[in-house]
Amino acid sequence: MKTLLFPKLKKKNNTILLAIVLMGFQNPSTYGQCKQCDFLQKAYNTALYDSTRCRIMLLLGEKYENQFPDTAIKFYNKVYTIATLANNQDEIYNIYAATALWRLCQIEVSYSGNYEKAMEYSNRSLRLYEEICKKSKRADIVNKARKGESYCFNIFGMIHYRHGNYEKANEYFLKALGIREELGDKKGISSCYNNISTVLCDQGRYDKAMAYYLKSLKIREELEDKKGMAECYGNIGVVYFEQSSYDKAKEYSLKALRIYEELDDKKGISSSYNNIGIALSYQGKYDKALDYYLKSLDICSALGDQKGLSTCYSNIGLIQKEKGNNNKALDFYLKALKICEQLGDKNGVAVDYANIAGIHVMLADSASGKKIGPSLNPVAAIHLQEAIKYGAKAYKLALEIGAVMWQNEAAKYLQAAYFKLGKYKEAIEYAEIFIATKDSMFNKEKTKALAEAEKKFEAEKKQLQIDNLNKEKKLQSQTIAHKNILIIFTLAGFVIILVFSVFLYNLFLQKNKANIVIAQKNQKIE
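Residues numbered from 1 in each chain as written. Predicted model: local features only at pLDDT ≥ 70, side-chain atom pairs only at ≥ 80, totals over all residues. Heavy atoms only, no water.

With that out of the way, let us pick up the pattern of salt bridges. Taken as a whole and assessed by the stated rule, the structure comprises 26 salt bridges. The shortest N-O distance in the salt bridge between Lys-266 and Asp-264 comes to 3.2 Å. One salt bridge in this structure joins Lys-307 and Asp-345, with 2.6 Å as the shortest N-O distance. One end of the pair, Lys-307, is in helix α14 (residues 306–322); the other, Asp-345, is in the loop between α15 (326–343) and α16 (346–368), with 38 residues separating them in the sequence. Within the structure, one salt-bridge network assembled from shared partners comprises Glu-62, Glu-65 and Arg-103. (Salt bridge = Lys/Arg side-chain N within 4 Å of Asp/Glu carboxyl O. Helix = DSSP H or I, 4+ residues; strand = E, 2+ residues; numbered from the N terminus.)

In this structure, Tyr-96, Val-109, Ile-236 and Trp-406 are the most contacted members of the largest nonpolar core, which totals 146 residues. If one sorts the elements of this core by residue count, helix α4 (residues 91–112) sits on top with 14 residues. Apart from residues no more than four positions distant in its own chain, Tyr-96 is found in contact with Ser-51, Cys-54, Arg-55, Leu-58, Val-79 and Ala-83. (Core = buried A, V, L, I, M, F, W, Y, C linked by side-chain atoms within 4.5 Å. Buried < 20%, exposed > 50% of the residue type's maximum accessible area, 1.4 Å probe, protein only. Contact = heavy atoms within 4.5 Å.)

What follows covers the side chain of Gln-320. Looking at the secondary structure, you find Gln-320 in helix α14. Judged by its relative accessible area of 10%, Gln-320 is buried. Setting aside anything within four residues of it in sequence, one finds Gln-320 in contact with Asn-325, Asn-326, Lys-328, Ala-329 and Phe-332.

This part covers the packing of helix α2 (residues 50–65) against helix α3 (residues 69–83). Contact geometry of α2 with α3 gives a least axis separation of 8 Å together with a crossing angle of 160°. As far as their axial angle goes, α3 and α2 are roughly antiparallel. Handedness of the crossing formed by α2 with α3: left-handed. Residues Asp-50, Cys-54, Met-57, Leu-58, Leu-60, Gly-61, Glu-62, Tyr-64 and Glu-65 of α2 lie in contact with α3, whose contacting residues are Pro-69, Thr-71, Ala-72, Phe-75, Tyr-76, Lys-78, Val-79, Ile-82 and Ala-83. (Axes fitted to C-alpha atoms, helices over the stretch in contact; angles between N-to-C directions. Parallel < 35°, antiparallel > 145°, perpendicular 65-115°, else oblique. Left-handed = near helix turned anticlockwise from the far one by under 90°.)

Chain-level pLDDT for the protein is 82 on average; 77% of the residues reach the 70-or-more range. Ignoring residues within four places in sequence, the model shows residues 1–15, a span with pLDDT below 50, making 106 contacts including any to other chains. Low pLDDT, under 50, characterises residues 23–32; the stretch is placed with 47 contacts to residues that sit more than four places away or in other chains. (pLDDT = per-residue confidence, 0-100.)

Once that is clear, we can look at helix α11 (residues 246–263). Between its first and last C-alpha atoms α11 spans 26 Å; for 18 residues at 1.5 Å apiece the expected length is 26 Å, and the two agree. Residues of α11 that are buried: Ala-249, Tyr-252, Ser-253, Ala-256, Leu-257, Ile-259, Tyr-260 and Leu-263. Asp-264 sits one or two positions beyond α11 and adopts a positive phi of about 55°. (Expected span 1.5 Å × (residues − 1).)

All right, on to a nonpolar patch on the surface then. Taken together, the side chains of Phe-419, Tyr-424 and Ile-428 make up a nonpolar region of the molecular surface, amounting to roughly 310 Å² of accessible area. Inspection of the secondary structure assignment puts Tyr-424 in helix α19 (residues 424–442). (Patch = residues over 30% accessible without salt bridge, like charges linked within 9 Å, V, L, I, M, F, W, Y side chains within 5 Å. Areas by Shrake-Rupley, 256 points an atom, 1.4 Å probe, with all protein chains shown as cover.)

This paragraph deals with the packing of aromatic side chains. The geometry of an aromatic ring pair is captured by the separation of the ring centres together with the interplanar angle, meaning the angle of the planes. Going through the model one piece at a time under the given rule, you end up with 17 aromatic pairs. Geometrically, the ring pair formed by Tyr-353 and Tyr-390 is tilted, given 5.9 Å between the ring centres and 50° between the ring planes. With a gap of 37 residues between them, Tyr-353 in helix α16 and Tyr-390 in helix α17 (residues 378–401) connect regions that are remote in the sequence. The burial state of Tyr-353 is the same as that of Tyr-390; both residues are buried. Ring pairs connect the aromatic residues Tyr-64, Phe-68 and Phe-75, which therefore count as one cluster. Note that Lys-215 overlies the ring of Tyr-193, its terminal NZ or CZ placed 4.6 Å from the centroid. Here the guanidinium or amino end of Lys-255 rests over the ring plane of Tyr-233, the centre of that ring lying 5.1 Å away. (Phe/Tyr/Trp six-rings, centres within 6.5 Å; stacked < 30°, edge-to-face > 60°. Lys NZ or Arg CZ within 6 Å of the ring centre and 35° of its normal.)

Another aspect to go through is the environment of Asn-275. Topologically, Asn-275 is positioned in helix α12 (residues 266–282). Under the relative-accessibility criterion, Asn-275 is labelled buried at 2%. Along the backbone, Asn-275 and Leu-257 are 18 residues apart, and their C-alpha atoms lie at a distance of 9.6 Å.

Further remarks concern unusual backbone geometry. Positive phi, normally seen in glycine, also occurs at Glu-224, with a value near 55°. In this fold, Glu-224 is placed in the loop between α9 (206–222) and α10 (226–242). Given the relative accessible area of 67%, Glu-224 is considered exposed. Backbone geometry places Asp-264, a non-glycine residue, at a positive phi of 55°.

Shown next as structure tokens:
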């Protein structure tokens, strides 16, 4: 799967959107991509068979997908058209058709957010793959179809994740993982680990999420898969943000950015800009943070990435809030909410509801001078009622989708609003929910587990490096030994040849001497 942006949490009293990435494919640098695309285009123009054309267009679509999704869509549609022609009966064409459909689905999920259309594409793709698995007697074709099924299950998981159906999302991610394990596909296994972690992270189960992210990273490092490593680094940074380990979060976000820049992966760069902006906002560097958010916004606009745009709007709203521009902040939060509602993104909607509730609490403070109860002026009371309305929506939705972090944020703002209105019973009720949800996310055991997970990963990584170094030394020793043996044999051979040559030379001299003696005797006889 390609890079996707997902909302995460938080700084002090603010709900922030971090960029979590679901795993995908390699994206070449712009220069390399241009050369590859030119080569592929020439190959397409000279191709003699439809099967060759389909393969080339799928590759071209993959190259363009991250930066020019509209161009990729044209290639995938053309593949599907060719693959379903009546005269193309070979079963490989069914593979091409199914692949084109799930890639079209991937673009709908990643960029347009048209989940209904995405589900249609993915269901059609899955039916084709299942039919191939039932009918084909070729092992290579069946393996391709099984891998295709796993792609479809991952996409179903992504869509359910976006709708806040975490259990269903996890169910599909585990199905995809089962197929990848069956095929022994390490890269695919790593992607599934990453996606499962995303669900765990939103459920506030950070220790388990970190364990899966580190397992994913270990595989990516073994495969020397830079794009995959960047995705893991970015997501590990998100977990550290959630646990308030801001230095570690920034460290991993910068690791991700460096790789994405090397690969010229626009969506990955945008994601990293977003997370670095959050790190800067934690340090009170709001102008610098805003610069990064605006850079991310420009990329999302160019890519038509609706989810990414909503993430940027929310985080820009946060900066405006921190700078005291509450009305501007509200405008950005409402922009973000509108997109998330259009996408059917329950996760994002819950975040935006909480953000809007929080800004209304601040607007109430500005209007009333922080007075509470009966002494509130009408404007402040209106803002507090709005805070309760949006806070209640956020809490209800977060409860529905099982997002503990959003329950925590909503409870915080509901507690504040009810207290300022003088409704202390309700304020105490939500204060208790706030404390309980906070404890469930940030207890000492989870923090310790995160530290131990990374420590174990680093120890294993170090041991692997030592093992590789020892193997290299052993190989060098063996190479030297082989060279020495070769030298010895060469010298021995040379000595043998030399001795044999001397022996032959002596024989030659003796024979020559004998011939002279015989010749002299013959002369005497004559």
